[in-house]
Amino acid sequence: MPHEIDKDLPAQLSADEAALLAQMPALHDVGTSRRSFMMQTGGGGIGLFAANLLATESALAQMAPEPGALSASLPAQNVVAVNFRVNGTPQTLAIDSRVVLLDALRERLALTGSKKGCDQGQCGACTVLVDGQRVLSCLTLAATLEGREVTTIEGLAKGDQLHPMQAAFIRHDGFQCGYCTSGQICSAVGMLGEAQRGQVSHVTGDVGKTTTRLTDDEIKERMSGNICRCGAYPGIVAAIQEVHSGRQAAQTWGFATETQLASARKEDGHATV
């Protein structure tokens, strides 16, 4: 629709300028075309997304849930049989070759003590022992463990008798929320085994000198792959040092007495009659 020349435009427009202005589309036509284009483009994108979403949901709905699982998993591909021992018990699993040890333990064997934290091998919450050496189970393919021995936090205690490291963690209050504790304890047990075999760390003073005596700095360095977001590191180091040295470290905390509790309530203004 050609423009009608506004009578209020300056009279200085030349004949060519006036003709060019008359050939330009109306401003409301430009706006309408742009809105139509944006709506059509957006509608097409949403339609494609919805179609893909419906196709995915339809495929998931047709999957048979795995027995005992809380949610259905993707269909297994390249299934392999793995025979290994977990906490002294022989286990045979038919699993997808891509399944990591952490998922096999938690979802197939119901051993949920090993925790999934970062799932990228950075936090150490999933640490377990394989043939006595600590590994990150979230980065270890279960299919690689044929014939090997896996020890999780559930396998450290002997019945009602706690492992010395577990008992030391309790004595020294080496945990708060407890989420990382299973990985911390398994890592500590494996780390002391490494020290007994003479393996050195980044802070070892003399790598040519064979020693199994660990300082607190050595313990901190060797345990640096296990993160505690609660910050219970002093208790963790004290617990490991006690088990390592065989000497009970000085306990830095104690339960409050009734007198102390009463005094604290009074100071806070919450005294009870």
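Refer to the structure printed above.
Residues numbered from 1 in each chain as written. Predicted model: local features only at pLDDT ≥ 70, side-chain atom pairs only at ≥ 80, totals over all residues. Heavy atoms only, no water.

## Some points on the overall build of the chain
Counted only if it meets this: Here a helix means four or more residues in a row that DSSP labels H or I, a strand means two or more in a row labelled E, and each is numbered from the N terminus. Using a 1.4 Å probe on the protein chains alone, a residue whose accessible area is under 20% of its type maximum counts as buried, one over 50% counts as exposed, and one in between counts as partly exposed. Each accessible area is a Shrake-Rupley result for a 1.4 Å probe, and residues are judged covered by the shown protein chains and nothing else.
Looking only at helices and strands, the chain has eight helices and five strands in total. Classification of the 273 residues of the chain by burial places 28% in the buried group. Element-wise, carbon and sulfur atoms account for 56% of the exposed surface of the chain, whose accessible area totals about 17900 Å².

## Some thoughts on empty space enclosed by the protein
Worth spelling out the cut-off: Using a grid of 1 Å spacing that covers the protein atoms alone, one calls a set of points a cavity when a 1.4 Å probe fits there but cannot get out, and a pocket when the set is open and has protein on both sides within 12 Å along at least five of seven lines; lining residues are those with an atom within 4 Å of a point. Grid points are joined across faces, edges and corners, and a volume is the space filled by probe spheres set on the points. In this count, Pro and Cys sit with the nonpolar residues alongside Ala, Val, Leu, Ile, Met, Phe, Trp and Tyr, while Asp, Glu, Lys and Arg are called charged and the others, Gly among them, polar.
Taken as a whole and judged by the stated rule, the model has one cavity of 30 Å³ or more. One number sums up the size of the largest cavity: a volume of about 40 Å³. Taken together, 13 residues make up the lining of the largest cavity; nearest its centre are Cys-118, Asp-119, Cys-123, Cys-126 and Cys-138. A breakdown of the residues in the lining of the largest cavity according to their chemical character gives six nonpolar, four polar and three charged.

## Regarding the layout of surface pockets
Estimates place the volume of the second largest pocket at around 190 Å³. What lines the second largest pocket is Gly-117, Cys-123, Ala-125, Cys-177, Tyr-179, Cys-180, Ile-227, Cys-228, Arg-229 and Cys-230. A class-by-class count of the residues in the lining of the second largest pocket yields eight nonpolar, one polar and one charged.

## What to know about the pattern of salt bridges
Rules: When a carboxyl oxygen of Asp or Glu is within 4 Å of a side-chain nitrogen of Lys or Arg, the pair counts as a salt bridge.
What the rule picks out here adds up to seven salt bridges. Among the salt bridges present, the one from Arg-134 reaches Glu-194, with a minimum N-O distance of 2.9 Å. With Arg-134 in strand β4 (residues 133-136) and Glu-194 in helix α5 (residues 181-196), this residue pair connects regions lying 60 residues apart in the sequence.

## What about the sheet that holds strand β3 (residues 127-130)?
What counts here: Any two strands with at least two DSSP-identified bridges between them are counted as paired. Orientation is described by axes fitted as lines to C-alpha atoms, over the contacting stretch for helices, and by angles from 0 to 180 degrees between their N-to-C directions. Only heavy atoms enter the contact rule, under which two residues are in contact if any of them lie within 4.5 Å.
Strands sit in the order β2-β1-β5-β3-β4 across an open sheet of five strands; the sheet is mixed. Because the sheet does not close on itself, it has two edges, and the strands there are β2 (89-96) and β4. With direction set aside, neighbouring strand axes in the sheet form an average angle of 40°. Taken together, the two bridges between β3 and strand β5 (residues 149-151) define a ladder with antiparallel strand orientation. From the neighbouring strand, Leu-129 faces β5, where its bridge partner is Thr-151. This element, helix α3 (residues 101-108), spans β1 (79-86), β2, β3 and β5 of the sheet and lies at about 110° to β2.

## Section: unusual backbone geometry
One non-glycine residue, Asp-119, lies in positive phi territory at about 60°. Here Asp-119 lies in the loop between α3 and β3. Positive phi, normally seen in glycine, also occurs at Asp-173, with a value near 55°.

## What to know about the packing of α5 against helix α7 (residues 233-245)
For the record, the criterion: Definitions for this section: a left-handed crossing has its near helix turned counterclockwise from the far helix by less than a right angle. A right-handed crossing has that turn clockwise.
Closest axis-to-axis distance for the α5/α7 pair is 11 Å, and the angle between their directions is 40°. As for how α5 packs across α7, the hand of that crossing is right-handed. Of α7, the residues touching α5 (which contributes Gln-184, Ala-188, Met-191 and Leu-192) are Ile-236, Ile-240, Val-243 and His-244. The residue inventory of the contact of α5 with α7, partitioned by class, reads six nonpolar, two polar and no charged.

## What to know about the nonpolar core
Rules: Take the buried residues of types Ala, Val, Leu, Ile, Met, Phe, Trp, Tyr and Cys, join any two whose side-chain atoms come within 4.5 Å, and each joined set is a nonpolar core.
If you look at the biggest cluster of nonpolar residues, it comprises 22 residues, and the most contacted ones within it are Met-165, Phe-169, Met-191, Ile-219 and Ile-240. If you list the elements that add at least two residues to this core, you get α4 (164-171), α5 and α7. Sorting elements by how many residues they give to this core places α5 first, with six residues. In this view, Met-191 contacts Arg-134, Leu-214, Ile-219, Arg-222, Met-223 and Ile-240; residues no more than four positions away in its chain are not counted. Of all hydrophobic cores here, the second largest spans 15 residues; its members include Val-86, Leu-93, Ala-104 and Leu-111.

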